[in-house]
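Residues per chain are reported as follows:
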Amino acid sequence: MFDAGYDTARLAFLLDGLPVEVLGRLRSDRVLSRPAPSRREHALAHPGGGRPPLHGAEFRMKDETTWGESAHTTATATSRYGNAVASCWDRLHHRLTRRAARLDHDGALPIIDDTLIRLQVEQLPGERDPKPVWLWTSAVAITPAHLDRLWPAFLRRFDLEHTFRMWKQTLGWTAPKIRDPRPATRDPRSAVRRPLDLADHHRLRPASARPDACT
C-alpha cells in the first residue's frame with residue numbers, strides 16, 4: 001500500500017509474476033486511459049483506414065462526464081465515516097512516458113491494466129469536508145467482495161503511520177541501540193535483570209525471566 005507520489009504502475013511492472021497486489025492512492029487530478037479499441041472496432045469507426053491507437057478514451061477524475069458506468073458500486077455503513085460508497089472501473093491504465101525510471105527501457109512502453117477505485121465517505125472526524133479518495137490497484141476484474149477488502153485495508157495504513165509516529169516522537173525510537181538486552185531494565189523487587197518485551201507496543205512491560213537472562 002502506497003500513498004500518492006509513488007509510481008505504483010512502475011512497482012506493479014517490476015513485481016509482475018509475483019503473488020502480490022499493489023494498492024496506492026492517486027491525486028484527484030490524474031488522467032487515465034481506457035483500453036484501446038480492437039482492430040475491428042477501429043475499422044468500423046474509421047473506414048478510411050489509419051493506424052490503430054494505443055490508448056482508448058480518457059478517464060479524467062475531475063470530469064464526471066468521462067467516467068461512464070462503473071463495474072461495481074458498494075455501500076458500507078461505518079461508525080467512524082458514516083456511509084462509505086466505493087465504485088471501481090476496470091482495466092484503466094496510465095500513459096507512461098520515457099522519463100525518470102523508464103529512460104533505459106527498451107522497446108515500446110508497457111500498458112499496465114489496473115482497476116481504479118473511488119471512495120466517498122459521508123463524514124470525517126472534526127467535521128471536515130469529506131473529499132473523495134482515488135485508489136489504484138494492480139488487480140483487474142475484481143469482485144464486489146474484493147473491492148470491499150481493498151479500501152478498508154488502505155484506511156488501516158493510517159493506523160500504522162500513527163504507530164510509527166508514536167514510536168519516533170513519543171518513545172524516541174529513531175535509531176537502534178545495539179547493546180546487551182539483559183540490563184535493559186531491573187525489577188525493583190529483586191536483583192534480577194530482565195529484557196524488555198516489545199512485542200506488544202501498546203503496553204511495555206518486562207518479559208518473564210529466563211535462566212539464560214539472569215546474571
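Just so it is clear, the structure is predicted and the values come from calculations on it, not from any experiment.

Caption draft 1: Spotlight on the packing of aromatic side chains. Summed over all chains, the structure comprises seven aromatic pairs. An aromatic cluster is present here, built from F59, W67, W89 and W134 joined pairwise through their rings.

Caption draft 2: Representation of the pattern of salt bridges within the structure. According to the stated counting rule, one finds four salt bridges in the structure shown. Each of the salt bridges in this network shares a partner with another, and the network as a whole consists of D90, R91 and D113.

Caption draft 3: Layout of the side chain of H93. With respect to the secondary-structure elements, H93 resides in the loop between β5 (82-92) and β6 (114-121). On the basis of relative accessibility, which here comes to 1%, the residue H93 falls in the buried class. A polar contact of 2.8 Å, which involves the side chain of H93, links it to the side chain of H55.

Caption draft 4: Region of interest: the nonpolar core. Of all hydrophobic cores here, the largest spans 15 residues; its most connected members are L26, F59, M61, L116, W134 and W136. Residue assignment for this core shows that the elements contributing at least two residues are α1 (8-14), β5 and β7 (133-137). Within the second largest apolar cluster, 14 residues are counted, among which are L23, I117, V121 and I142.

Caption draft 5: Representation of the pairing of strand β4 (residues 72-78) in the model. Bridging between β4 and β5 involves seven bridges; their strand directions are antiparallel. Residue pairing in the sheet places T76 in a bridge with A84 of β5. What sits between β4 and β5 in their antiparallel hairpin is a turn of three residues.

Caption draft 6: Structural context of the sheet that holds β5. Taken together, the five strands give an open sheet; going across it, the order is β1-β7-β6-β5-β4, and neighbouring strands pair in antiparallel fashion. Strands at the two margins of the open sheet, each flanked by one partner only, are β1 (23-26) and β4. For this sheet, the mean inter-axis angle between neighbouring strands, taken without regard to orientation, is 25°. Pairing analysis gives four bridges linking β1 to β7, with the strands arranged antiparallel. Of the residues in β7, the one forming a bridge with R25 is L135.

Caption draft 7: Representation of the side chain of H94 in the model. If you trace the backbone, H94 turns up in the loop between β5 and β6. A residue is classified by how much of its surface remains accessible, and H94, at 9% relative accessible area, is buried. For H94, the side chain forms a polar contact with the side chain of R30, separated by 3.0 Å. Only 3.1 Å separates the side chain of H94 from the side chain of W136, close enough to count as a polar contact.

Caption draft 8: Region of the structure containing a nonpolar patch on the surface. Side chains of F13, L14, L15, L18 and V20 sit close together on the surface and give an oily, nonpolar patch of about 430 Å² of accessible area. Topologically, L14 is positioned in helix α1.

Caption draft 9: Geometry of unusual backbone geometry. The backbone of R91 sits at a positive phi, close to 55°, despite the residue not being glycine. Relative to the helices and strands, R91 is located in strand β5. Phi angles above zero are rare outside glycine, and A141 is one such case at about 55°. Secondary-structure assignment places A141 in the loop between β7 and α3 (144-170).

Caption draft 10: Structural context of the environment of R34. Following the sequence through the fold, R34 ends up in the loop between β2 (31-33) and α2 (39-45). When the C-alpha positions of R34 and D113 are compared, they lie 8.9 Å apart, and in sequence the two are 79 residues distant.

Cut-offs applied
Every chain begins its residue count from 1, and numbering advances along the sequence as written. Owing to the predicted nature of the model, reporting of local features is limited to residues with pLDDT of at least 70; listing and counting of side-chain atom pairs is limited to 80 or more, with chain, interface and lining totals taken over all residues. Only hydrogens and water are set aside when side-chain values are computed; all heavy atoms of the structure are taken into account. Side-chain rings of Phe, Tyr and Trp (the six-membered ring for Trp) are treated as a pair once their centres are within 6.5 Å; stacked means planes under 30 degrees apart, edge-to-face means over 60, and tilted covers the remaining angles. Counted as salt bridges are all cases of a side-chain nitrogen of Lys or Arg within 4 Å of a carboxyl oxygen of Asp or Glu. Each helix is a run of DSSP H or I of at least 4 residues and each strand a run of E of at least 2, with the numbering of both proceeding from the N terminus. Exposed residues in this analysis have more than 50% of their type's maximum accessible area, buried residues have under 20%, and partly exposed residues fall in between, with area computed by a 1.4 Å probe over protein chains only. A 3.5 Å cut-off defines polar contacts: any pair of N or O atoms within that distance qualifies, except that in protein one atom must be a possible hydrogen donor and the other a possible acceptor, and neighbouring residues in sequence count only when both atoms are side-chain atoms. In plain words, nonpolar cores are sets of buried Ala, Val, Leu, Ile, Met, Phe, Trp, Tyr and Cys residues tied together by side-chain atoms within 4.5 Å. A pair of strands is treated as paired once DSSP finds two or more bridges between them. Axis lines are fitted through C-alpha atoms, for helices just across the contact stretch, and the angle between N-to-C directions can take any value from 0 to 180 degrees. Grouping into patches uses exposed residues only, defined as over 30% relative accessible area, and leaves out salt-bridged ones; the cut-off is 9 Å for like charges and 5 Å for nonpolar side chains (Val, Leu, Ile, Met, Phe, Trp, Tyr). Using a 1.4 Å probe, the Shrake-Rupley method yields the accessible areas, and only the shown protein chains count as cover for residues.

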